[in-house]
Every structure is written in C-alpha cells, then in structure tokens.
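# Architecture and fold: a report
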Amino acid sequence: MLDIKLIREQTELVKEALLKRHMETDVIDEIVALDEKRRALILDVESKKAERNAVSKEIGRMKDKQEREAKIVSMRTLGDDINLLDEQLKGVESNLYYQVASIPNLPDQDVPTGVDDKDNVVIRTVGDKRIFDFEPKAHWDLGPELGIVDFEAGVKLSGTRFYVLEGAGARLQRALIFWMLDLHIRQGYKEFYPPWMVREEVMFASGQLPKFAENLYHDHEEDYWWVPTAEVPLTGIMMGEVLDEAQLPLNMTAYTACFRREKMSAGRDVRGMKRGHQFDKVEMYKYCLPENANQELDNMVADACATCEGLGLTYRVLLQSTGDLSFGSHKTYDVEVWAPGCQEWLEVSSISNIGQFQARRANIKYRPADGSALQFVNTLNGSGLGLPRTLIAVMENYQQADGSIVVPEVLKPLMGGVEVIRK
C-alpha cells in the first residue's frame, strides 16, 4: 500500500499517477480528508488525556473532600468524552486504512502511458521463429493425437477449462518444473515449498485482497484461501519480520499449483490449455534494498530469459504500459514465447518491481547496517516460468512432421530415457 505521507504531501502527484492508470481520483480527496480528521482527533484525544493526567495528580494532592469529589465527577465526564473520541478515532483509522489499501501502486516514471496490453512496448526479440517444412499443429490437436493431453477427461472431472496430462505429457510438465527450479537454484535462489492454502491476512499482505476477492477460491468454513501464485506465500513468510541489511537481497523460488476464477469467454484466446482455473507455475521472488530494486529487476528479467534460452524458445521482452500494470506493480516486464501452432506470442512471465507496496501491507522491514531507523524492504516477483504456456511452446516448437515431439536437450535427463514423444 502507499505511504499516507506521500498521499498527504504529494497529492497531485498521486492523482496524476492514478489518471495514467485510468482511475478516478476522488478517492484521494476522501483519503486526505480522512487523514486530516484522524490527525485532528488524535490532537483532541491526546489533549484531553493530558488534561486528565494533570487533574488526576491534582486530585491526589487535594485535602478538601468536597472539592476532590467535584473534580472526580468532572473527570468522569472527561473520561466519557475520551472514550467517545477513541471510538471515533478507531473508526476513522479503520476507514482510512481500507481506503489507502484500495489504491494501486504508482507507475514508475519509465512506464509508458497506455490503455491496455496493446500499448505494451517490445524491448527486444531474441531468436528466430522456426521455419517448418510442414504445417505445424496447435497443441490442442497435437496433444490429443499423441495421447498426452485429454481435454474430455478434464471436462468430465471438473468442467470447462480443465484438462488431464497423460504419460509423457505429464512427465514433460514435471520435467519442466524440476528443471526450472534447479536452474533458479543455480542462479542463486533458495527453494521453498509453501502451503497452497493461506490465511486471509496473507492474501491481504500480498495485495490480493480485497481487490481480487471474486477471482480467488475460498474455503469459507476453514477460512483458507487457495493461492493464485506462489508470490502470495513467499510474501507471507516474512510478514511482521525485520531483516538485517546483510541478508538482502534474499532470493526465493517455489513451485505451486495456482488457482484463479478466470472470467473467460469462448474464442481463440482461451482455446486449449492457454488459460484455466488451475495451472502450475515456478515463481521467483526477491527482497532487496529499495535503492537496488532497478538492478534486481533487471537481474530477474535476465533469469527468466535464461529459462527461455535454455529451452531453445524464441522469446520477446515487453515493458507493460500503465493500462496493463497489475494492482501492486510499480514496473513490469512481460516475457512472451512464440507458439508456432497457435501462431501467437504467449506470456510465460511477468516480472515486477513492487517497490515497498507489499512490505507496507505485510509490515516487512530491514535494519540498516548504519544503525538508523528501520525501513521497509523492496519486493519483486516474476514467473520462472508459468505453465502450461511454456509446455505449449515446447510442444509446438519441437514437433516433427510425423506428429512426434522431440524432447529439449535440457529436459532429457528428467524424462527417463524418453527423447522423442510418439504415438
């Protein structure tokens, strides 16, 4: 969440930033008014409490019983006023906190202004699209023909937007997950295996609540929330903690299944395995010093790109526009891979600098080496990579004229001797 001091002292800057996100700014005026009311109430209640303390000492020194009783009666009235003010202050602070928590992060000055993902800027493209001497098939044909993807079984089990991976298809997905985790460990990340269900406060800390409540799966009886990304528990692990500066940067990676209530309609964009309510993802996450965030963002983008390169995939890097930024993002790069069967670029990673936005919500700070006051850490996150789109790209790029799929070199050691997936 944003610093209330920033909203109070640089109100117009915050409004301009929200306008770039195509948001109304009336809420900022409401927040400023609530903040002024909160500070006025604090002054009032503190003044009355100081008066009560002073009079209490005075009562203790009084010898006249009637005068003392009169003072005690007046203090009861003052005490009632203080209790009322405390309740008012509590309500205003709660309302203010909720309002501030509803404001998205401010875009970095480098983020291009735009309406949606069509305004994202291509930074670079790496590799040439494979030229086929046959018509490449899309994964929704290739997978069923090889017997490695069963869409009908997925619908039978769970409904639309679900599928079942079988045999070499399931093993290929598992190989991708194992290989990516091992790669990130070599890149300097520490592996975690977190719960896939978390408490409400963890969802709030990561910025998922209250904004995205309708897109999350929730067990109301136990109050468990199914994670939409490993970013959520990796944020929650450090909730309320104070790190030493020497511990930063702290690089983390984790695999989880991810669960989201995708609002989808029929069409090209959702055909096959591209979007679903359940999918696998390997996540990269960083805690760092705020002044090192830009460099760490570049490092994380390079790590995601290395994953694409290791798999031999043609990819491109885009800088998201203000209209495509996620709620908590300060600056985001997308990594997309080319899928020749689908004939489209598929996003496999969004790498974001979150700034101190999550750290404020989760109260995660670090202790500077010079002994100065505690500061909020900076967090970053990115997919490394997301499935099944990476699986789609591997299937479609490595297909052969006879309908078989060659296993990428880096995955062969994890495929139990299978080098080519055939019927």
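In case you missed it, the structure is sitting above this.
Residues numbered from 1 in each chain as written. Predicted model: local features only at pLDDT ≥ 70, side-chain atom pairs only at ≥ 80, totals over all residues. Heavy atoms only, no water.

## Some words on the overall build of the protein
- Scanning the protein from terminus to terminus reveals 12 helices and 18 strands.
- Dimensions of the protein along its principal axes, counting C-alpha atoms only, are 105 × 45 × 40 Å.
- Pairs at least 24 residues apart make up 73% of the contacts formed inside the protein by residues separated by at least 6 positions.
- For the protein, the accessible area works out to roughly 20500 Å², and carbon and sulfur atoms hold 48% of it.
- Here the protein carries 51 positive and 67 negative side-chain charges, and the mean point of each set is 3 Å from the other. (Helix = DSSP H or I, 4+ residues; strand = E, 2+ residues; numbered from the N terminus. Contact = heavy atoms within 4.5 Å. Areas by Shrake-Rupley, 256 points an atom, 1.4 Å probe, with all protein chains shown as cover. Lys, Arg positive; Asp, Glu negative; His and termini not counted. Charge placed at Lys NZ, Arg CZ, Asp CG, Glu CD.)

## As for the nonpolar core
- Val-335 and Met-395 are the most contacted members of the largest nonpolar core, which totals 55 residues.
- Dropping the residues within four chain positions of it, Met-395 is found in contact with His-139, Leu-142, Gly-143, Ile-148, Val-149, Leu-172, Met-273 and Ile-405. (Core = buried A, V, L, I, M, F, W, Y, C linked by side-chain atoms within 4.5 Å. Buried < 20%, exposed > 50% of the residue type's maximum accessible area, 1.4 Å probe, protein only.)

## Some points on the sheet that holds strand E11 (residues 315-319)
- Taken together, the eight strands give an open sheet; going across it, the order is E1-E11-E12-E13-E16-E10-E9-E4, and neighbouring strands pair in mixed fashion. Each end of this open sheet is capped by a strand with a single partner; those strands are strand E1 (121-126) and strand E4 (190-192). Mean inter-strand twist for the sheet, computed between neighbouring axes without regard to direction, equals 25°.
- Both E1 and E11 contribute to a ladder of five bridges, which runs antiparallel. (Pairing = 2+ DSSP bridges. Axes fitted to C-alpha atoms, helices over the stretch in contact; angles between N-to-C directions.)

## Some words on the packing of aromatic side chains
- By the definition in use, this model includes 10 aromatic pairs.
- Taken together, the ring pairs in this structure connect Tyr-193, Trp-196 and Tyr-255 into an aromatic cluster.
- Above the face of the Phe-376 ring, Lys-365 is positioned so that its terminal group lies 5.0 Å from the ring centre. (Phe/Tyr/Trp six-rings, centres within 6.5 Å; stacked < 30°, edge-to-face > 60°. Lys NZ or Arg CZ within 6 Å of the ring centre and 35° of its normal.)

## Observations regarding the pattern of salt bridges
- Scanning all chains against the criterion turns up 18 salt bridges.
- With a shortest N-O distance of 3.5 Å, Asp-3 and Arg-360 are connected by a salt bridge. Residue Asp-3 is located in the segment before helix H1 (4-9), and its partner Arg-360 is located in helix H11 (residues 357-362); the two are separated by 357 residues in the primary sequence.
- Overlapping salt bridges bring together Arg-8, Asp-35, Arg-38 and Arg-39 as one network. (Salt bridge = Lys/Arg side-chain N within 4 Å of Asp/Glu carboxyl O.)

## Brief notes about helix H7 (residues 167-186)
- For H7, spanning 20 residues, the distance from its first C-alpha to its last is 29 Å, which sits close to the expected 28 Å at 1.5 Å a residue.
- Taken residue by residue, H7 has Gly-169, Leu-172, Gln-173, Ala-175, Leu-176, Ile-177, Trp-179, Met-180, Leu-181, Leu-183 and His-184 as its buried positions.
- Downstream of H7 by one or two residues, Gly-188 has phi in the positive range, about 110°. (Expected span 1.5 Å × (residues − 1).)

## Considerations on the side chain of Asp-35
- Within the element layout of this structure, Asp-35 appears in helix H3 (residues 26-61).
- Residue Asp-35 is classed as buried on the basis of its relative accessible area, which comes to 1%.
- Residues within four places of Asp-35 in sequence aside, it is in contact with Ile-4, Arg-8 and Leu-96.

## A closer look at the sheet that holds strand E6 (residues 218-219)
- The three strands are arranged E5-E7-E6 in an open sheet whose pairing can be described as antiparallel. Pairing within the sheet leaves two strands with one partner each, and these edge strands are strand E5 (197-198) and E6.
- In this sheet, strand E7 (residues 224-226) lies alongside E6 in antiparallel orientation, the contact comprising two bridges. Looking at E7, one finds that Asp-219 is bridged to Tyr-224.

## Comments concerning the packing of H7 against helix H10 (residues 293-310)
- Close contact between H7 and H10 brings their axes to 11 Å; oriented N to C, the two are set at 135°. Between H7 and H10, the crossing angle belongs to the class labelled oblique. Of the two possible hands of crossing, H7 and H10 adopt the one that is right-handed. Here H7 contributes Trp-179, Met-180, Leu-183 and His-184 to the contact with H10, which in turn contributes Asp-303, Ala-306, Thr-307 and Gly-310. (Parallel < 35°, antiparallel > 145°, perpendicular 65-115°, else oblique. Left-handed = near helix turned anticlockwise from the far one by under 90°.)

## Some remarks on the packing of helix H5 (residues 139-146) against helix H12 (residues 389-397)
- Close contact between H5 and H12 brings their axes to 10 Å; oriented N to C, the two are set at 75°. Taken together, H5 and H12 sit at an angle that is classed as roughly perpendicular. Residues His-139, Leu-142 and Gly-143 of H5 pack against Ile-392, Met-395 and Glu-396 of H12.

## Overview of a nonpolar patch on the surface
- Taken together, the side chains of Met-197, Tyr-224 and Trp-226 present a nonpolar region at the surface, about 250 Å² in accessible area.
- On the secondary structure map, Trp-226 appears in strand E7.
- A relative accessible area of 30% means that Trp-226 is categorised as partly exposed. (Patch = residues over 30% accessible without salt bridge, like charges linked within 9 Å, V, L, I, M, F, W, Y side chains within 5 Å.)

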